[in-house]
2 protein chains.
Amino acid sequence: MQRALGAAEMRCAQAQERLTDPRRRVLELLLGSDGPLKAYDLIAAYGEAGEPAKPPTVYRALEFLERLGFAHRIESLNAYVPCRLDADGHSAAFLICECCGAAEEFEPDFTAQFAAAAHAGYTVRAVTLEARGACAACRR
Amino acid sequence: MQRALGAAEMRCAQAQERLTDPRRRVLELLLGSDGPLKAYDLIAAYGEAGEPAKPPTVYRALEFLERLGFAHRIESLNAYVPCRLDADGHSAAFLICECCGAAEEFEPDFTAQFAAAAHAGYTVRAVTLEARGACAACRR
DNA sequence: CGCTGAAGCGTTACAACATAACATGTCTGT
DNA sequence: ACAGACATGTTATGTTGTAACGCTTCAGCG
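Not measured: the values here are computed from a predicted model.

Thoughts on the overall build of chain A
Then, number 1: Per the secondary structure count, chain A includes six helices and six strands.
Then, number 2: Across its three principal axes, chain A shows a C-alpha extent of roughly 50 × 45 × 25 Å.
Then, number 3: Looking at chain A as a whole, 41% of its 140 residues are labelled buried.
Then, number 4: Long-range pairs, those at least 24 residues apart, make up 48% of the contacts in chain A with a sequence separation of at least 6.
Then, number 5: Entry remark: accessible area of chain A is about 7,600 Å², with carbon and sulfur atoms responsible for 51%.

Details of the relation of the copies chain A and chain B
Then, number 1: At an RMSD of 0.0 Å, chain A and chain B line up after a rotation of 180° and a shift of 0.0 Å along the axis. Interpreted geometrically, this transformation is the action of a two-fold axis. In terms of proximity to the rotation axis, the leading residue of chain A is Leu129 of chain A, whose C-alpha is 2.2 Å off the axis.
Then, number 2: When you check the interface residues of chain A against chain B, 100% turn up at the interface there too, and the contact is symmetric in its surfaces.

Brief notes about the packing of aromatic side chains
Two aromatic rings, taken as a pair, are described by how far apart their centres are and by the angle between their planes.
Residues and elements named next belong to chain A.
Then, number 1: Applying the stated rule across the entire model yields four aromatic pairs over all chains.
Then, number 2: An angle of 85° between the planes, with centres 6.3 Å apart, marks the rings of Phe110 and Phe114 as edge-to-face.
Then, number 3: In this structure, Arg23 packs its charged tip against the face of Phe64, placed 3.8 Å from the ring centre.

Details of the sheet that holds strand S5 (residues 103-105) of chain A
Then, number 1: Read across the sheet, six strands follow the order S5(A)-S4(A)-S6(A)-S6(B)-S4(B)-S5(B) without closing on themselves; strand pairing throughout is mixed. Two strands in the sheet have a free side with no partner beyond their single neighbour: S5 of chain A together with strand S5 (103-105) of chain B. On average, each strand axis in the sheet is tilted by 20° relative to the strand beside it, whichever way the strands run.
Then, number 2: The strands touched by helix H5 (residues 111-119) of chain B within the sheet are strand S4 (92-97) and strand S6 (123-134) of chain A together with strand S6 (123-134) of chain B, with S6 of chain B carrying the most contacts at an inclination of about 135°.

Here's the deal with the protein's contact with DNA strand D
Then, number 1: Around DNA strand D sit 20 residues in total, of which Lys38, Tyr40 and Arg73 of chain A together with Thr20 and Arg60 of chain B are the nearest.
Then, number 2: Protein-adjacent atoms of DNA strand D, using a 4 Å cutoff, are sugar or phosphate at a proportion of 55%.
Then, number 3: Here a phosphate oxygen of DNA strand D and a side-chain polar atom of Arg73 of chain A are 2.7 Å apart.
Then, number 4: Residue Lys54 of chain B places a side-chain N or O atom 3.4 Å away from a phosphate oxygen belonging to DNA strand D.

Overview of the pattern of salt bridges
For side chains bearing opposite charge, pairing can occur when the charged atoms are close.
Then, number 1: According to the stated counting rule, one finds 12 salt bridges over all chains in the structure shown.
Then, number 2: Arg73 of chain B serves as the salt-bridge partner of Glu75 of chain B, at 2.9 Å between the closest nitrogen and oxygen.

Remarks on the interface of chain A and chain B
Then, number 1: Opposite the 34 residues of chain A that make contact, chain B presents 34 residues.
Then, number 2: Both faces considered, chain A and chain B share a buried interface measuring about 2,700 Å² in area, 54% of it formed by carbon and sulfur atoms.
Then, number 3: Considering only the side of chain A, the residues that lose the most area to chain B are Leu95, Gln113 and Tyr122 of chain A, jointly responsible for 23% of the buried surface there.
Then, number 4: In this structure, the connection of chain A to chain B is made through two salt bridges.
Then, number 5: A salt bridge links Glu98 of chain B to Arg125 of chain A; the nearest nitrogen and oxygen atoms lie 2.5 Å apart.
Then, number 6: Scanning the region where chain A abuts chain B turns up 20 residue pairs in polar contact (both at pLDDT 80 or more).
Then, number 7: For the side of chain A that touches chain B, the secondary structure elements donating two or more residues are S4, helix H5 (111-119), S6 and helix H6 (136-139) of chain A.
Then, number 8: By residue number, the principal contributor to the side of chain A that touches chain B is S6 of chain A, which donates 12 residues.
Then, number 9: Across 11 bridges, S6 of chain A lies against S6 of chain B in antiparallel orientation.

A closer look at the protein's contact with DNA strand C
Then, number 1: In the vicinity of DNA strand C there are 20 residues, among which Thr20 and Arg60 of chain A together with Lys38, Tyr40 and Arg73 of chain B approach most closely.
Then, number 2: In the interface set of DNA strand C, defined as its atoms within 4 Å of the protein, sugar plus phosphate atoms amount to 57%.
Then, number 3: Between a phosphate oxygen of DNA strand C and a side-chain N or O atom of Arg23 of chain A, the distance comes to 3.1 Å.
Then, number 4: Here Tyr40 of chain B contributes a side-chain N or O atom positioned 2.9 Å from a base nitrogen of DNA strand C.
Then, number 5: Residue assignment for the surface near DNA strand C shows that the elements contributing at least two residues are helix H2 (21-32) and helix H4 (55-68) of chain A together with helix H3 (39-45) and helix H4 (55-67) of chain B.

Cut-offs used in this document
- Residues numbered from 1 in each chain as written.
- Chains lettered and ligands numbered in written order.
- Predicted model: local features only at pLDDT ≥ 70, side-chain atom pairs only at ≥ 80, totals over all residues.
- Heavy atoms only, no water.
- Helix = DSSP H or I, 4+ residues; strand = E, 2+ residues; numbered from the N terminus.
- Buried < 20%, exposed > 50% of the residue type's maximum accessible area, 1.4 Å probe, protein only.
- Contact = heavy atoms within 4.5 Å.
- Areas by Shrake-Rupley, 256 points an atom, 1.4 Å probe, with all protein chains shown as cover.
- Least-squares fit on C-alpha atoms with pLDDT ≥ 70 in both.
- Phe/Tyr/Trp six-rings, centres within 6.5 Å; stacked < 30°, edge-to-face > 60°.
- Lys NZ or Arg CZ within 6 Å of the ring centre and 35° of its normal.
- Pairing = 2+ DSSP bridges.
- Axes fitted to C-alpha atoms, helices over the stretch in contact; angles between N-to-C directions.
- Near = heavy atom within 4 Å.
- Polar contact = N/O pair within 3.5 Å; in protein donor to acceptor, adjacent residues only side chain to side chain.
- Salt bridge = Lys/Arg side-chain N within 4 Å of Asp/Glu carboxyl O.
- Buried area = accessible area lost by both parts, 1.4 Å probe.

Put into structure tokens, the structure is as follows:
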């Protein structure tokens, strides 16, 4: 996790962006969780001594983290996870377990989708994919 | 649109489900729109004479329509569209224009994703994909 | 150094989205 | 006609997300 924070710091410097306190704090909370976190979970957990953050504080940090690719929003859960992949693109794909709530990021292959998009005349900027099902542990 | 409503009626009968008034009305509104509709758009437009519906009326109808595959929710827009495809699966894929708000459904090819899921031990029940970009008209 | 403009933050208030819970109605089979 | 299941109406409330404003901080520059 220190490593992940350090890497984020680096990438910010490269991008001429700043990993300010609230941004760093929210990323820290995401990295420290073992599952997707809701915005209001982050708001509640924000203060070191238990005081919650104000919503815009967290939403602004999340917007930044998504923009830089440090976090992803999982639309079908209204929740957020830290990016676990190295690749620097703007696409995200998740396997979501409907039983235990785990969400695992994986490297998608959107070749077929890009072809379909091109055929329809669309230019794609970003793709998100959310597959719902059961993880190995829950399937047993 | 009459045809689509008729087809829905048929498929309900086959599935031993009922296309009741609120369900039919919401489907009608979705079919009559030229773009994704928000839940509260539906609520506002529900009454023939302008009176809005109560939220649960519309949300329950939407839940039914999604369950039968007559409509899809577009997570990244918090909006709903009627299903425009014949296929009867539970997967949905959209090309969403960030400029004009159009959302076009297409037939996805999830072979690669299913392979990735299997590799991770996941059993996939349903997949949704939302590609954001610019449509042909807006790209010009 | 001190100014300036841009980006970021804190705060208040509110808007948008969604559901719980319970009472009432309406179909279906017997 | 009755029971049970499913659907709806209604009230209230919970959850998620943003607008708008003023203040602070930081980097660039004369």
